[in-house]
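What the coordinates show
Now for the letters of each chain:
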Amino acid sequence: MNTIYRFGLFEANPATREILRQGTRVRLQEQPFRVLLLLLENHDRIVTRDELRQQLWAENTYVEFDSSLRVAVGKLRDALGDDAENPRFVITVPRLGYRFLAPVTIYAPSQTPPTSSSRSPEQNFSAASGSSAEVVSAVPSNLKRRQRWFWAGIAAAVLSLGLIFVARYYRPAPAYALANSDTILLADFVNKSGDATFDDTLKQALAISLSQSPFLNLVPDHKVNETLKLMGRAPEQRLTGETALEVCQRTGSKAALEGSIASLGNQYVIGIAAVNCQTGAVFAQEQVQVSRKEDVLKSLGQASTHLRQTLGESLSTIQKFDIPLEQATTTSFDALKAFSIGQQVRNTKGPADSVPYLKHAIELDHGFALAYGVLSTAYLMMGEDGLGSDAAQKAYDLRSRVTERENFAITTYHNNFVLGDRIKALQNCKLWADSYPRDLSAYICLFFDTEIIGQYDKSLPEGLQCVAVDPDAGACYADLITNYAVLNHLEESKAIYERARARKLEGADIHGSRYYLAFIENDDAEMARQLAWASGRPAAETELWSAQSNTEAFHGHFGQARDLSRRAAESAARNDEKESAERILIQAAFREAIAGNFALARQQTASALSAASFEYLRSVAAVTLACAGDSGQAAKIANALDKTYPSDTMLHAFWLPTIRAEIEINRNHPALALELLRPAAPFELGEHIPLLPAYVRGQAYLAAAQDAAAAAEFQKLIDHNGLVANSLLGSLAHLGLARAYAQQAQSSHGAERETALAKARAAYRDFLQLWQDADTNLLPLQQARSEYAKIR
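Residues numbered from 1 in each chain as written. Predicted model: local features only at pLDDT ≥ 70, side-chain atom pairs only at ≥ 80, totals over all residues. Heavy atoms only, no water.

1. Some words on the overall build of the protein
On a plain count of helices and strands, the protein comes out with 37 helices and 14 strands. The buried share of the protein, taken over its 792 residues, is 60%. Roughly 30600 Å² of accessible area belongs to the protein as shown, and the carbon and sulfur atoms make up 49% of that amount. (Helix = DSSP H or I, 4+ residues; strand = E, 2+ residues; numbered from the N terminus. Buried < 20%, exposed > 50% of the residue type's maximum accessible area, 1.4 Å probe, protein only. Areas by Shrake-Rupley, 256 points an atom, 1.4 Å probe, with all protein chains shown as cover.)

2. A word on the nonpolar core
Judged by nonpolar contacts, the single largest core of 140 residues is most densely connected at Phe590, Trp655, Ile659, Leu692 and Trp771. For this core, the element with the most residues is helix α35 (residues 728-746), which contributes 11 residues. Residue contacts for Phe590: discarding those within four places in its chain leaves Val620, Val623, Thr624, Cys627, Ile689, Leu692 and Leu729. Core analysis: the next-biggest nonpolar cluster, separate from the first, contains 56 residues, Val288, Phe333, Ala361 and Ala391 among them. (Core = buried A, V, L, I, M, F, W, Y, C linked by side-chain atoms within 4.5 Å. Contact = heavy atoms within 4.5 Å.)

3. Some thoughts on the sheet that holds strand β7 (residues 97-100)
The 3 strands lie next to each other as β5-β7-β6, forming an open sheet whose pairing is antiparallel. Among the strands making up the open sheet, the edge pair consists of β5 (47-48) and β6 (90-93). As paired elements, β5 and β7 share 2 bridges and run antiparallel to each other. Bridge pairing links Thr48 to Gly97 in β7. (Pairing = 2+ DSSP bridges.)

4. A look at the packing of aromatic side chains
Applying the stated criterion across every chain, the model contains 21 aromatic pairs. Consider the rings of Phe7 and Phe89, whose centres lie 5.6 Å apart with planes at 75°: the pair is edge-to-face. Remark: Phe89 occurs in the loop between α3 (65-80) and β6 and Phe7 occurs in strand β1 (residues 4-7); sequence separation between them is 82 residues. A single burial state applies to Phe7 and to Phe89, both of which are buried. (Phe/Tyr/Trp six-rings, centres within 6.5 Å; stacked < 30°, edge-to-face > 60°.)

5. Here's the deal with the side chain of Thr305
Of note, Thr305 is situated in helix α9 (residues 296-310). A polar side-chain atom of Thr305 sits 3.5 Å from a polar atom in the side chain of Asp322. (Polar contact = N/O pair within 3.5 Å; in protein donor to acceptor, adjacent residues only side chain to side chain.)

6. A closer look at the pattern of salt bridges
If you walk through the whole model with that rule in mind, you get 30 salt bridges. A salt bridge links Lys203 to Asp188, with the nearest nitrogen and oxygen atoms 3.3 Å apart. Placement of Lys203 in helix α6 (residues 201-210) and of Asp188 in the loop between β9 (183-186) and β10 (190-192) is noted, with a sequence separation of 15 residues between them. By relative accessible area, Asp188 is classed as buried at 7%. Notably, a salt bridge pairs Arg562 with Glu592, separated by 2.6 Å at the nearest N-O pair. (Salt bridge = Lys/Arg side-chain N within 4 Å of Asp/Glu carboxyl O.)

7. Points about the packing of helix α24 (residues 538-554) against helix α26 (residues 578-594)
Remark: α24 packs on α26, axes separated minimally by 11 Å, with the N-to-C direction vectors making an angle of 0°. Judged by the angle between their axes, α24 and α26 are roughly parallel. Judged by residue contacts, Thr542, Ser546, Ser549, Asn550 and Ala553 of α24 engage Ile584, Gln587 and Arg591 from α26. Of the residues that constitute the contact of α24 with α26, the class distribution is 2 nonpolar, 5 polar and 1 charged. (Axes fitted to C-alpha atoms, helices over the stretch in contact; angles between N-to-C directions. Parallel < 35°, antiparallel > 145°, perpendicular 65-115°, else oblique. Nonpolar A, V, L, I, M, F, W, Y, C, P; charged D, E, K, R; others polar.)

8. What about helix α13 (residues 351-364)?
In a regular helix each residue adds 1.5 Å, so 14 residues correspond to 20 Å; α13 covers 20 Å between its end C-alpha atoms and thus fits that length. Inspection of α13 places Pro351, Ser354, Val355, Leu358, Ala361 and Ile362 among the buried residues, and these make up the whole buried set. (Expected span 1.5 Å × (residues − 1).)

9. Section: unusual backbone geometry
We note that Asp200 has phi near 65°; this positive angle belongs to a residue other than glycine. Along the chain, the position of Asp200 falls in the loop between β10 and α6. Phi is positive for Ala705, close to 60°, though the residue is something other than glycine. The residue Ala705 is located in the loop between α32 (692-703) and α33 (707-719) in this model. Residue Ala705 is classed as exposed on the basis of its relative accessible area, which comes to 53%.

10. Points about the pairing of β7
Bridge count between β6 and β7: 4 bridges; the pairing is antiparallel. Each bridged residue has a counterpart across the sheet, and for Val90 the counterpart in β7 is Phe100.

11. Remarks on the state of the cysteines
Taken as a whole and assessed by the stated rule, the structure comprises 3 disulfides. Disulfide pairing places Cys429 opposite Cys445 at an S-S distance of 1.9 Å. Between Cys429 and Cys445 the sulfur-sulfur dihedral comes to about 95°; the bridge is accordingly right-handed. Here the residue Cys429 occupies a position in helix α17 (residues 422-435), and Cys445 occupies one in helix α18 (residues 440-452), the gap between them amounting to 16 residues. Like Cys429, the residue Cys445 is buried in the burial classification. Described in terms of the sequence order of its bonded cysteines, the disulfide pattern of the protein is 1-2, 3-4, 5-6. (Disulfide = S-S within 2.5 Å.)

12. Describing helix α7 (residues 221-230)
Within α7, the full set of buried residues consists of Val224, Asn225, Thr227 and Leu228. Seen from one end, α7 has its buried residues packed into an arc of 160°, which puts them on one side. Opposite its buried face, α7 presents the exposed residues Lys229 and Leu230, each directed more than 90 degrees away. Phi turns positive, to about 80°, at Gly232, one or two residues after α7. (Arc of directions from axis to C-beta.)

13. So, the sheet that holds strand β4 (residues 24-26)
A sheet is described by the order of its strands in space; here 5 strands give the open sequence β4-β3-β2-β1-β8, paired in antiparallel fashion. Lying at the two open borders of the sheet, with one neighbouring strand each, are β4 and β8 (105-107). Neighbour-to-neighbour, the strand axes of this sheet turn through a mean angle of 30°, independent of strand direction. When strand β3 (residues 18-21) meets β4, the two strands line up antiparallel, connected through 3 bridges. Residue pairing in the sheet places Arg21 in a bridge with Thr24 of β4. Sitting on the sheet, helix α1 (residues 30-41) touches β1, β2 (10-13) and β3, and the angle it makes with β1 is about 85°.

Shown next as structure tokens:
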């Protein structure tokens, strides 16, 4: 049976070999059309270059394949009005092939075309960061950064969207409808009522109402702020009149939405006008009159509903996504005003400064779900996971009082950082992307969560889509640098960094990722440049000093590593990031434990636990204590975590198996340790200490005298240097490998023994080279020298 593919404004008919754009035929040659069909037929995955060659080009054209494919894809993009640098339909996946980005609906010619697009589960697993629900925020090679930026991006989404309107009543087709690709700017309300509680509050309310729409494409706050900066204006500059039109023009937007409220006797008149950015002409407007202040929000929501359809949104999506504004926010104007100020402060000064305003909004209305949600993201951006989780739980409990988009965000946050259920979070984010296919926050969830569970091959396309959706999504660039490095595509990794710099994205996470890449390439000069860049930038100093402390420990310079960890923790504390500071210190304690400094490791762990007690800290603390020989306390913490977080994916698949296996190694039960580690195998590339389960598994195999299996586990860390980077496990893996081969030589004879000895000597030399100027009192160094001397 013939099928028709619908995507965006286009339909492709394989039977007639034609493409229609809103009923009008689009000219496209045969070969580009065949490329399109292959991409549409496989829209749930990457179509590799080999597949394209085998199915579309004869063998004798193989020599010209590269240029022929580039020409065909170029012609396809021209026909669709697509852009290779900022694609909406066809994205290039370097070294792999191409992938179709847009939602695809498939139907038979005899059917009525569906009114909304559908996506396969795999296609929904394509992701990025930041423009949808102002309630969730995130993390990548560094768990702290992943969480902070992940939720930062999602938080910046719901409310920074700002401008969209809701409609319930049928109207004729609009005379001036916006296209799906058009962007619109939300200007500030002009308040002529004399009531200061309306200042900024109505714009915030309208933003929440409009953000329900999957059709309208709003200019995010960060782009507005960047544009104002280029214009020589302050971020606090009000967007009205000529200023609004200029920002609208500079951001390439089609329209600006201008709102106003005025007093008319004892009544209020509310107006919303859609203004053509190029001509300044009003092409759509709504006006309502209300007799009571208490009815202003309700009437504003109804006006925005009407305007949504006037601007071209379908009645079906308006009916589906239309929560009354007073239900989606609060009935208290004072609470909404405090919330609005908090949003402004966060956008201009940062999350820490916004917390008092958000807390005040909640004090005024204990049922203000959205305020709890945004507060949770502010805490996450500050590294305060515990406080963030508490606020997220409150938001989740109240989620019936938010819009559908915010519900997706709150549920995602709850799944990730309260339950820790990454699989459920991914499922929710697929639905989110299905409902809001241009929502950056849904995609960043898919990108980062796929990384966290260690599936870097699957996360790469998601990261590429992230920056396709928002070319200024800095957190996604940072993770793409890491993602490419993990997959050993180092040139692509550096290219992503340069793309970020070209867009003037200068976040600490981007520079931190470039630092790790430089370490992988043994580029000391680049590492020094990144450290120099961080100097004087508090957030960057925290990130880069922590990274450098790992580098020093990797080479056995524990004195310097301790000093840098202390400085990084103090920097975090000065920035009011208490949990970030404790995270740095517990990581330092873990280094001490695996280096054999057991007493210091136990002391530092006790200190960290007395200062904070969030899940990640306790997980690392339990591993640290187990490695330091305190099996009883480690088991106690592990059992408490197990009981408290029964749904946490990485706790049960990564941390608990590793903790309990280390305890069994201490008890001389290596076979049981190996059995306990089985659930960790599919997830061991994930989390903040990647391949830790493999390292512990290697130790268990050594204890069980399974030398070849032990060597394979330690070699796994060495082979994944793009992932392990400057973790101390990376250098100690060489020592573990040497011991495995030395042990194998003891149980072998003849040529097999000589081969094992040669491999053992080489591995010992590699380790001793890495630790050539290490602190002399370190136990691994003393043991390695003694062991190596016996087999030379």
